[in-house]
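These are the residues of each chain, in order.
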Amino acid sequence: QVQLVESGGGLVQAGGSLRLSCAASGSGFSINAMGWYRQAQGKQRELVARISSTVGSTNYADSVKGRFTISRDNGKNTMYLQMNNLKPEDTAVYYCNAETTVIGIIVHHWGQGTQVTVSS
């Protein structure tokens, strides 16, 4: 089982920066990829950024390209999301996600979420 713990959320003014962290723990698993999702009030959860475990390839939602950077430290089993030039529309609960494969089936694991609020 994979446990994910997020940290780093908070309140920031528009144009400011925040850095989210997600620490993965547990045993008997191999993480294929990790990512950040967010869910604003009244909206569906959406992918923000994702990074693969092997080659480290990344992909981003169009709305955050050029402002957010995802990275990971495999030695520490920790993933980061550096968020710069934050906008009020970035306000949401941000969730850490990890993908593992069990008998050929992709399994998604989720953290508890961390609130990010951007004031105008």
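A brief structural summary.

Reading the values: the criteria
- Residues numbered from 1 in each chain as written.
- Predicted model: local features only at pLDDT ≥ 70, side-chain atom pairs only at ≥ 80, totals over all residues.
- Heavy atoms only, no water.
- Pairing = 2+ DSSP bridges.
- Helix = DSSP H or I, 4+ residues; strand = E, 2+ residues; numbered from the N terminus.
- Axes fitted to C-alpha atoms, helices over the stretch in contact; angles between N-to-C directions.
- Core = buried A, V, L, I, M, F, W, Y, C linked by side-chain atoms within 4.5 Å.
- Buried < 20%, exposed > 50% of the residue type's maximum accessible area, 1.4 Å probe, protein only.
- Contact = heavy atoms within 4.5 Å.
- Phe/Tyr/Trp six-rings, centres within 6.5 Å; stacked < 30°, edge-to-face > 60°.
- Lys NZ or Arg CZ within 6 Å of the ring centre and 35° of its normal.

As for the sheet that holds strand β1 (residues 2-7)
Sheet architecture is open: four strands sit in the order β1-β3-β8-β7, paired in antiparallel fashion. Among the strands making up the open sheet, the edge pair consists of β1 and β7 (68-73). In this sheet, adjacent strand axes meet at a mean angle of 15° when their direction is disregarded. Pairing between strand β3 (residues 18-26) and strand β8 (residues 78-83): six bridges, direction antiparallel. For R19, the partnering residue across the bridge sits in β8 and is Q82.

Observations concerning the nonpolar core
Ranked by size, the top nonpolar core spans 28 residues in total, and within it M34, W36, L81, M83 and Y94 carry the most contacts. Counting only elements with at least two residues in this core, the list comes to β1, β3, β4 (31-39), β5 (46-52), β7, β8, β9 (92-102) and β11 (114-119). Residues contacting Y94, with those up to four places away along its chain left out, are E6, L20, W36, Y37, R38, V48, F68, L81, M83, G113, T114 and V116.

Things to note about the pairing of β3
Sheet topology note: the β1/β3 ladder contains six bridges and is antiparallel. Bridge pairing links S7 to S21 in β3.

Considering unusual backbone geometry
With phi around 50°, N77 is a residue other than glycine that occupies positive phi space. Tracing the sequence through the fold places N77 in the loop between β7 and β8. For N77, a relative accessible area of 32% gives the class partly exposed. Here the phi dihedral of I103 falls at roughly 50°; this positive angle occurs in a residue that is not glycine.

Some remarks on the packing of aromatic side chains
According to the stated counting rule, one finds one aromatic pair in the structure shown. Centroid distance Y37 to W110: 4.9 Å. Interplanar angle 70°. Geometry classified as edge-to-face. Here W110 lies in strand β10 (residues 105-110) and Y37 lies in strand β4, a separation of 73 residues in the sequence. Looking at Y37, the relative accessible area reads 16%, which means it is buried. Classification of W110 by relative accessible area gives partly exposed; the value is 37%. Looking at R45, its charged tip hangs above the ring of Y95, at a distance of 3.7 Å from the centre.

It is worth stressing that arrangement in space is one thing and function is another; only the former is reported here.
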